[in-house]
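Remarks on the overall topology
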Amino acid sequence: MGSSGERKPYVKYEDLPRDNEAFRRYYAAQQLVGEEEFSEMVEAMRMALPTSFRITGSRKQAADIHEQIITELIPSIKDVSIEGAETEAPHPLEWYPNELAWQFSIPRFALKRSPELSRFHAFLVTETEVGNISRQEAVSMVPPLLLDVHGDHFVLDMCAAPGSKTAQLVEALQADAGPELPPRGLVVANDADYKRACMLVHQINRLNSPNVIVTNHSGEHFPNIYTPVAKEGPKTRGIVQFDRILCDVPCTGDGTTRKNVRVWETWKPEDAYGLNPLQSRILQRAAYLLKTGGRLVYSTCSLNPVENEAVVAHVLETFGGALKLVDVSTQLPALKRRPGLHTWKIMTRDGTNHDSAASVKPGDVSRSVYRNLENFFPLAPARMEELHIERCMRIYPHLQNTGGFFIAVIEKVAPISVVEKRVASKANEPASEASACGKAEAEADSVANVETETDVDDGQVAAKRAKHDDTQDSEKSDPAQTLYRPDRPRDESALRESPFVFLDPAEGELKTIFDFYGIKDSVPRRGFLCRIENERFRSVYYVADSVRQLMELGGQRLRVVNTGIRVFGRNCVKDAGCEFRLVCEGVSQLMPYLADKYIVNVDFRDLKVLLENVNPLFTALSEECQMRIKAVEPLSSIVVCYDPTKCDSTGTVPDGEKPYVRLAATLAIPCWCGHASLSVHIDKAQLSSLIRRVLGHVVDRKDMGSSQLANNTRSQDKAPTTTPGSPVSATDGSSQPPTM
């Protein structure tokens, strides 16, 4: 609504403005590319962005989805024409490893409207809901690849929402892992906005990883998490640091004009000037949290050097040689990119471009911008050369039909804080003797001494703290004098949520659950937790040991929004053998530890019966399957497993007796075992995806809730007639893939 309270007139998407004169003048002055190429770049930025997506999940599961795209979807699109024009089939991005990322020339808004592409659109929607694919802009897939995450890394995503990059980090962490060999590392997915952090939970939960924790902190104030004081030697507390950190910071987003068309209307250079201080603080905080020898990626979806090279250059300068840019020019060789800028200009209110802060007068910009003006310009040319700013990566929209992006890969080559130096010195690390952080080092010393020294008495420590607090109070009275201290983040209040509580498998309801399902002693026993509400809990979650340790060290200081895989859920069935049932998302984690009788292996015929019918009777299944099911107590959970490697899909088995799409991953489907029938416990979207891959049927998910029960004569009498063999099944509201 406008300032007068009147609603703005509606403008169709196609009619929204896609140009901005100030934008053209500002970026022409930056000389990002040559004059002719600049026109080509701007023209590309005015066009709609292609649809792109990435296959997620384990390697076997990804292979199944890849096979489905190749055998089913691409053939269905090859001969499709829209308004008389032929449609280009989806193709893999040549620079992304293993053909796991794909691009389609049709933009998202057109894909929704096209009847000819409804099958493909339904695939994208369904598989996104269940987490088999992630609809992600192509260039945003680059930073996680360059971070080079491995299974033993502690990884921090400082500004994680909406979570597509975080998902890549999690997948990299567990690329070579399995239920019996989980990764030793973890991913902390953090976001400053609580609501966005909750959205992040939905994205991350689809990956079924016990090695993820979602937190809610301002990036520049992500807390120090202290390790216990050593029993012997100097009484110095270490700080938990990370092997890999992703800083995909808040930005103006002017590289996203192809999908966020409104950017054209609202763009002005002052937006970048306002964000630069925040971006710089987040990167500085990341530098403190990074281990010496660790890698950090700073990225934005902006083309503005004030948000990009200016931030990187001044932060590197602040830490005086402790950080260096990594040359990644040979990585992802098929990805077209341009080097970072060594020079750029700043535009003032009157539209004048300036080469240095000396030529800008106080009235030319706002007071807040003028205070930080020096940080917006390049350093001296010789210093920019020494820092190798050209190692930064710029991706322009016209190079490979993408959005615009900036990426800098940074390595920490020396300790920064006094805490790090002391820990490094104790471990006899050569890096402890390296130069660290220039003018920031003295400030870090004064703060770190308060936190770590024990060779002074308590009165001296209290006096130092009081002096420091008095200084902070005086600084608050004058915002212009406030100094950000990346080594001493501001404490943030605890979340007003029920905290997670770890459970003891040797007592209480968890012991009852373990006893009922015959959970083996080899299960990691210290990672089960819950949230208690009204003196009881509804679900049991499981986290990896690395997550448990971090949560215990962080305590109330760490604002945990969500963590863990849901493995058990309280059921509402009277007289059930156990009050808790197995939950779909936790099946793959628990299967190695379940008693054998709760795992029922089936052939393709039995799998087909389960997918084609709601609550199929035991008698509809094979005799062997019936025998296995009857060995389990009625009113309890079982896991139905189908191993596709035991099904010959080379052609010797007739169609209809093998999966529609060649599968590689074992299917593990939780079911509720009644007195005479089974009920499949996966949600509608997951069931739809599974039926499509296994049986080749496209299910209208809107109609699935009203499907007749094949084994209930009353419902058959009342229900509308359906095609024989139409796939229907029961659901439980969970939302996780049942593949192993």
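Overview of the structure. This is a predicted model, so every value here is computed, not measured. (Residues numbered from 1 in each chain as written. Predicted model: local features only at pLDDT ≥ 70, side-chain atom pairs only at ≥ 80, totals over all residues. Heavy atoms only, no water.)

Concerning the environment of Gln241
Looking at where Gln241 falls in the secondary structure, it is placed in the loop between β9 (212-215) and β10 (242-248). In this structure Gln241 comes out as buried when scored by relative accessible area, which is 16%. Taking C-alpha positions, Gln241 is 9.0 Å from Thr292, a pair spaced 51 residues apart along the chain. Only 2.9 Å separates the side chain of Gln241 from the backbone oxygen of Tyr288, close enough to count as a polar contact. (Helix = DSSP H or I, 4+ residues; strand = E, 2+ residues; numbered from the N terminus. Buried < 20%, exposed > 50% of the residue type's maximum accessible area, 1.4 Å probe, protein only. Polar contact = N/O pair within 3.5 Å; in protein donor to acceptor, adjacent residues only side chain to side chain.)

Thoughts on the sheet that holds strand β24 (residues 599-601)
An order of β24-β25-β26-β27 is seen for the four strands of this open sheet, with the pairing classed as mixed. A single partner strand is all that each edge strand has here, and the edge strands are β24 and β27 (678-680). Between one strand axis and the next, the sheet turns through 35° on average, direction left out of account. (Pairing = 2+ DSSP bridges. Axes fitted to C-alpha atoms, helices over the stretch in contact; angles between N-to-C directions.)

Overview of the pattern of salt bridges
Applying the stated criterion across every chain yields a total of 27 salt bridges. The salt bridge partner of Glu171 is Arg54, with a shortest N-O separation of 2.8 Å. With a gap of 117 residues between them, Glu171 in helix α7 (residues 164-173) and Arg54 in strand β1 (residues 50-55) connect regions that are remote in the sequence. Assessed through its relative accessible area of 14%, Glu171 is described here as buried. (Salt bridge = Lys/Arg side-chain N within 4 Å of Asp/Glu carboxyl O.)

Focus: the packing of helix α10 (residues 270-289) against helix α11 (residues 309-318)
In the contact formed by α10 and α11, the axes pass within 10 Å of each other and the chain directions differ by 45°. When the interaxial angle is binned, α10 and α11 end up oblique. For the pair α10 and α11, the crossing hand works out as right-handed. Side by side, α10 and α11 meet where Asn276, Gln279, Ser280, Leu283 and Gln284 of the first sit next to Ala310, Val311, Val312 and Val315 of the second. Partitioning the contact of α10 with α11 into residue classes produces five nonpolar, four polar and no charged. (Parallel < 35°, antiparallel > 145°, perpendicular 65-115°, else oblique. Left-handed = near helix turned anticlockwise from the far one by under 90°. Contact = heavy atoms within 4.5 Å. Nonpolar A, V, L, I, M, F, W, Y, C, P; charged D, E, K, R; others polar.)

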